[in-house]
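Commentary on secondary and tertiary structure
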Amino acid sequence: MKAIRRFTVRTVLPQSLGALDALAANLRWSWHEPTRQLFAEIDPVIWQDIAGDPVALLGAVSPARIQELADNSAFVARANALKEDLDRYTSEPRWYQTLAEAPKHIAYFSPEFGIAAALPQYSGGLGILAGDHLKSASDLGLPLTGIGLFYRAGYFKQSISGDGWQQEAYPVLDPDGLPLTLTRHADGAPALVSLALPFGRTLHARIWQVAVGRVTLLLLDTDIPENEEALRGVTDRLYGGGGEHRLLQELLLGIGGVRALRIWTELTGVPDAEVFHTNEGHAGFQGLERISTLISEGLTFAEALQVVRAGTVFTTHTPVPAGIDRFDRGLVQQYFSGELLPGVDVWEVLALGAETYPGGSHDVFNMAVMGLRLGQHANGVSQLHGEVSRGMFAGLWPGFDSSDVPITSVTNGVHAPTWTDPLLLKLAEDKLGTSDTTAAEWSSGAVTDAELWAVRGRMRANLVADARRRITAAWHEENPGASAPAWFDEVLDPDVLTIGFARRVPTYKRLTLMLEDEKRLISLLTSKKRPVQLVIAGKSHPADDEGKRLIQKLVRFAQDPELRRRIVFLPNYDIAMAQVLYPGCDVWLNNPLRPLEACGTSGMKAALNGALNLSILDGWWNEYYDGEDGWAIPSADAAGDAAERDMLEAESLYDLIENQIGPRFYRRDDKGVPSRWMRSVRHTLDALSPELSADRMVREYVQRLYMPAAKAAEAISDADYAGGRELAQWKNLIQGAWGAVSVVHVESGGLAPVPQVGDSLHVRAQVQLGTLTPEDVAVQVVYGTSREGDDLVDTATVELAPLEEDAVDPHGPMTGTLYLDGSTTFAGTVTLQRPGSFGYNVRVVPKNPYLVNPAEMGLVAVAH
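Attention shifts here to the overall build of the protein chain. In terms of helices and strands, the protein chain carries 26 helices and 30 strands. Here the C-alpha atoms of the protein chain give a radius of gyration of 29 Å, agreeing with the 29 Å that 2.2 N^0.38 yields for 864 residues. Overall size of the protein chain, expressed as C-alpha extent along the three principal axes, is 95 × 70 × 50 Å. In the protein chain, the share of contacts with a sequence separation of at least 24, taken over all contacts with a separation of at least 6, comes to 72%.

Our next topic: unusual backbone geometry. A cis amide bond links R594 with the next residue in sequence, P595, at an omega value of 10°. With respect to the helices, strands and loops of the structure, P595 is situated in the loop between strand 20 (587–590) and helix 22 (602–607). One non-glycine residue, F199, adopts positive backbone phi at about 65°. Here F199 shows up in the loop between strand 8 (192–196) and strand 9 (202–212). Located in the positive-phi region is D720, a residue other than glycine, with phi close to 60°. Along the chain, the position of D720 falls in helix 26 (residues 694–737).

A few words on the sheet that holds strand 22 (residues 630–633). Spatial ordering of the open sheet is given by 19-18-17-20-21-22, a layout of six strands whose pairing is parallel. Of all the strands in the sheet, just strand 19 (567–570) and strand 22 have a single pairing partner and so form its edges. Each adjacent strand pair in this sheet contributes to an overall mean axis angle of 20°, direction not counted. Sheet topology note: the strand 18 (residues 532–537)/strand 19 ladder contains four bridges and is parallel. Residue pairing across strands places A537 opposite L570, the latter belonging to strand 19.

Attention now moves to the environment of S689. Examined against the element boundaries, S689 turns out to sit in helix 25 (residues 675–692). Spatially, the C-alpha atom of S689 lies 7.3 Å from that of A607, the residues being 82 residues apart in sequence.

Attention shifts here to the confidence of the model for the protein chain. Confidence in the prediction of the protein chain, expressed as mean pLDDT, is 95, and 97% of residues score 70 or more. Low pLDDT (under 50) marks residues 806–818, which in the prediction has 22 contacts with non-local residues, meaning those over four places away or in another chain.

A large share of strand 25 (residues 777–786) lies buried, amounting to nine of its 10 residues. Looking at chain direction, strand 25 and strand 29 (residues 838–846) are connected through nine bridges and run antiparallel. Bridge pairing in strand 29 links A778 to V845. Sheet topology note: the strand 25/strand 26 (residues 792–802) ladder contains seven bridges and is antiparallel. Within strand 26, the position partnered with Y783 by the bridge is A796. Hairpin connection, strand 25 to strand 26: the antiparallel pair is bridged by five residues, and G789 has positive phi, about 85°.

The next thing to look at is the side chain of T265. Residue position: T265 is located in helix 9 (residues 243–268). Excluding residues that lie within four positions of it along the chain, T265 makes contacts with H105, V270, P271 and D272.

Turning our attention to the packing of helix 11 (residues 301–310) against helix 14 (residues 367–374). When two helices pack together, their arrangement is captured by the angle between the axes and the distance separating the axes. The geometry of helix 11 relative to helix 14 is characterised by a closest axis approach of 8 Å and an angle of 90° between their N-to-C directions. The angle between helix 11 and helix 14 places the two elements in the roughly perpendicular class. Counted together, L305, V308 and R309 of helix 11 and L372, R373 and L374 of helix 14 form the full contact between these two elements. A class-by-class count of the residues in the contact of helix 11 with helix 14 yields four nonpolar, no polar and two charged.

Once that is clear, we can look at helix 14. The element helix 14 is extensively covered by neighbouring structure, given that seven of its eight residues are classed as buried. Restricting attention to buried positions, one finds in helix 14 the residues M367, A368, V369, M370, G371, L372 and L374. Sitting at the head of helix 14, N366 places a side-chain oxygen 2.9 Å from the backbone nitrogen of A368.

Here we come to the nonpolar core. Membership of the largest hydrophobic core comes to 93 residues, with the highest contact counts inside it found for L251, F285, L288, I291, F336, V779 and V844. When residues in this core are grouped by element, the largest group, 11 residues, is from helix 9. Listed in part, the 68 residues of the second largest apolar core include L13, F113, L217 and V313.

Time to look at the pattern of salt bridges. This model, assessed by the stated rule, comprises 42 salt bridges. Of the charged contacts, one joins E289 and R259 as a salt bridge, the two residues approaching to 3.1 Å between their closest N and O atoms. Residue E289 is found in helix 10 (residues 286–296), and its partner R259 is found in helix 9; the two are separated by 30 residues along the sequence. R259 carries the same exposure label as E289, and that label is buried. Where E649 meets R645, a salt bridge forms, and the shortest distance between an N and an O atom there is 3.1 Å. Here E649 and its partner R645 are both found in helix 24 (residues 642–666), four residues apart, which amounts to about one turn of the helix. Both residues of the pair, E649 and R645, count as buried. Each of R152, R206, D221, D223 and R232 takes part in salt bridges that share partners, so that together they form one network.

Another point: the packing of aromatic side chains. Each aromatic ring pair is specified by the distance between its two centres and by the angle formed by the two planes. A full pass over the atoms with the stated rule returns 21 aromatic pairs. Considering the side-chain rings of W631 and W677, the 5.8 Å spacing of their centres and the 35° angle between planes classify their relative orientation as tilted. Of this pair, W631 sits in strand 22 while W677 sits in helix 25, and the two are 46 residues apart along the sequence. Across the pair, exposure class does not vary: W631 and W677 are buried alike. Grouped by ring-pair contacts, the aromatic residues W453, W631, F665, Y666 and W677 constitute a single cluster. Taking the ring centre of Y170 as reference, the NZ or CZ of R237 above it sits at 3.5 Å.

Its location among the elements puts W264 in helix 9. It is 45 Å that separates the C-alpha atoms of W264 and E478, two residues lying 214 residues apart in sequence. If we skip the residues at most four places from it in the chain, W264 touches H105, T145, Q209, T216, L218 and V270. Side chain to side chain, W264 and Q209 meet in a polar contact 3.5 Å long.

Moving on, we get to the side chain of D421. Note on placement: D421 falls in the loop between helix 16 (416–419) and helix 17 (422–432). Comment: no salt bridge for buried D421; closest opposite-charge side chain is R458, at 7.7 Å. Residue contacts for D421: discarding those within four places in its chain leaves M459, Q579, P583 and N609.

Once that is clear, we can look at the state of the cysteines. Per the stated rule, a full pass over the model turns up zero disulfides. Here C599 stays free of any disulfide, with the sulfur of C585 as its closest cysteine sulfur at 19 Å. Since its relative accessible area comes to 3%, C599 is described here as buried.

Below, the discussion takes up the packing of helix 9 against helix 10. The N-to-C vectors of helix 9 and helix 10 enclose an angle of 60°; their axes lie 6 Å apart at closest approach. Taken together, the axes of helix 9 and helix 10 lie oblique to each other. Crossing handedness for the pair helix 9 and helix 10: right-handed. Contacts between helix 9 and helix 10 pair G254, I255, V258, R259 and R262 from the former with Q286, E289, R290 and T293 from the latter. Taken together, the residues that form the contact of helix 9 with helix 10 break down as two nonpolar, three polar and four charged.

Glancing now at the pairing of strand 19. Neither face of strand 19 is left uncovered, since the one carrying I567 and F569 and the one carrying V568 and L570 both have all their residues buried. You can see the chain leave strand 18, run along helix 20 (residues 545–558) and come back into strand 19, and the turn it takes is right-handed.

Residues A19, L20, L23 and A24 constitute the buried set of helix 1 (residues 18–25). Down the axis, helix 1 shows its buried residues gathered within 130° of arc, on one side only. Where the residues of helix 1 are buried, they touch helix 2 (33–42), helix 4 (54–60) and helix 6 (73–91).

Quick notes on the rules
- Residues numbered from 1 in each chain as written.
- Predicted model: local features only at pLDDT ≥ 70, side-chain atom pairs only at ≥ 80, totals over all residues.
- Heavy atoms only, no water.
- Helix = DSSP H or I, 4+ residues; strand = E, 2+ residues; numbered from the N terminus.
- Rg over C-alpha atoms; globule rule 2.2 N^0.38 Å.
- Contact = heavy atoms within 4.5 Å.
- Pairing = 2+ DSSP bridges.
- Axes fitted to C-alpha atoms, helices over the stretch in contact; angles between N-to-C directions.
- pLDDT = per-residue confidence, 0-100.
- Buried < 20%, exposed > 50% of the residue type's maximum accessible area, 1.4 Å probe, protein only.
- Parallel < 35°, antiparallel > 145°, perpendicular 65-115°, else oblique.
- Nonpolar A, V, L, I, M, F, W, Y, C, P; charged D, E, K, R; others polar.
- Polar contact = N/O pair within 3.5 Å; in protein donor to acceptor, adjacent residues only side chain to side chain.
- Core = buried A, V, L, I, M, F, W, Y, C linked by side-chain atoms within 4.5 Å.
- Salt bridge = Lys/Arg side-chain N within 4 Å of Asp/Glu carboxyl O.
- Phe/Tyr/Trp six-rings, centres within 6.5 Å; stacked < 30°, edge-to-face > 60°.
- Lys NZ or Arg CZ within 6 Å of the ring centre and 35° of its normal.
- Lys, Arg positive; Asp, Glu negative; His and termini not counted.
- Disulfide = S-S within 2.5 Å.
- Left-handed = near helix turned anticlockwise from the far one by under 90°.
- Right-handed = clockwise from strand over helix to strand, strands pointing away.
- Arc of directions from axis to C-beta.

Structure below.
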């Protein structure tokens, strides 16, 4: 018989074990190994069965065991000491507190957060990145609050049918069995946010709080009695439903998220957020809610827009246009034509998401485009992705080269304490005297190759054991009551070179590239001299049948009796699996179509554990590959078609495994240690660990984006938003007058017949400004290397100054030389700093102290 309703009854702990409640309630346990060890000792079997979830553990342990622990003075003392350590961690000054003029509060919006397997609110890399961002923000002491949605069924639980087809299940989560706290008003009533919807409907959501170390995460939940039945399901599943369902989720995330944050800050006394960071475009509507609030304070839409832009950071995560949310324009118009955002005109909203560039559609509302228009500070997530994003969105800044597009890059990082295996952590503590594996001196002789190799071997053995356990459990789920095949106990070999591949399964990630030449792959897997084994995992979106076919093809290949001990597909890829999979692999494989991988953080997590990467030069690997930390699969960019490209890149993959990777792994010294391999492992740990750390990433966000955004927001908001009012008026003036701006004439001189490095090029430009003044513009020399077709690359700029002599102005003194045609002369000097082909041009762009980038307004006049 099945239950008609399920709920969680929490254990009432004895007073002496009160510290356990506090430790379980704060997700710091997910990356604090001493706390995890304490919970594991309560009942190691249950701890493994529930994937390391303290709340579930305390609900499953017998009362007798609880009493036994309460009577154990040593255990109670350890628990109390860990609680005291948590209290210090959440209150003591950290890195952020050493900064001057840093924002007092940062709001971080994301549609998903991957923090721990116990809170399955993530689908893949975007959510894991968001979770790691919160954890490092906590470790560094940032006053940051996360805002997301609570999905009652999470993403989905994956299983694989007998014929290899992905199947999805949606187990419903019980909030009472999770480390969540309901936000309540002083009178005990739950705090709710409400959104006015079309046709007189109202969407309500309660606000869950999650303690993530020092950081609070707010999650909005619509499954409450205050909603009509259809609206209770708005937060049912992550990335589920059709267009209107997704729109409702994103309205709630953005608009409801800002309202929830406002309630929470009022209840707690936390300062109002100064910086709003949107992790992808899904939360873009947050800017419109803030605009609505400013309009209620007396600003116009244009004025409020300037204020909101100044304090907004927008991060784009996809180099694939298909990965961007684009809603039907009419649907968006319907939702914003009512009382959803008081004071905000629907046509102003639609203009923010309009694809007003060549190739854009007039029928859609683009969330990434709105994100860029609402955020004065924008970035991609690797250097290459920043470059791709500048090209992809260049149409929003017509007339500018893609290199001028105001999108920078902050390369992603991963949270080392979460993703570093406890065995490696213990080695660093015992031999190198530190629990910070990113700062350990792995090249030091304090750790021998043999010791490090032994730890790597134990991590590989743990992966083998975990893989066997998982496929056995999956078999029992699909075949209840039947015995698992005996050969499951022989899947994988703890002494064989292990290559891992795990990620979401869109087609561009090419899950099955390894199957391009099946005979060649079989020879590698079954080699007697240098065998290879593959451990593979990944989920396809439920609506992506092509991705499911890729999984099916691979699963069927792995079912061959001759191969099934050397290749395995592990179902239901999640954080718990990943924390064993990454450390247990010797090599991490990544073979996307370049440049479609924005970053690819799975390889980072493997590298933190000493795995070597084997990857296409895409995402983070494009900037960190140095020839010693792994291998680069050459991209066949000149291939005639996709099939030829796949064939050529697969051949390179096989060649690298057969001729370089295998020989290096299996070549052992007289102690049985692959010393050349270990040199690469040490180099990877030494060189990559600090760079790949999420701490490095968050510090970059603080110093390069959050602090400038807070400063800009403060400047534009001072004196009752005087800067916002002034900037809106000035922009209106500039846009109306820009059609008359042009570069009339350019002349240069001062160079010898054969210019040399160090010479000075004197440039004068005659510029027609129309009704504008020289103070409204920057006249710049843009110079760099001139290539075929006269394209300039590696450019730099020098601003020219208006000349003051011979000023003629019948209406009074004027800066600059005024010609009879009304033009003004600007002049300056460029120093030749490098040899080779040199070229330059002159452009005019708007100039205002409230602009952070000359391309920001998308206006430019260039000499021809």
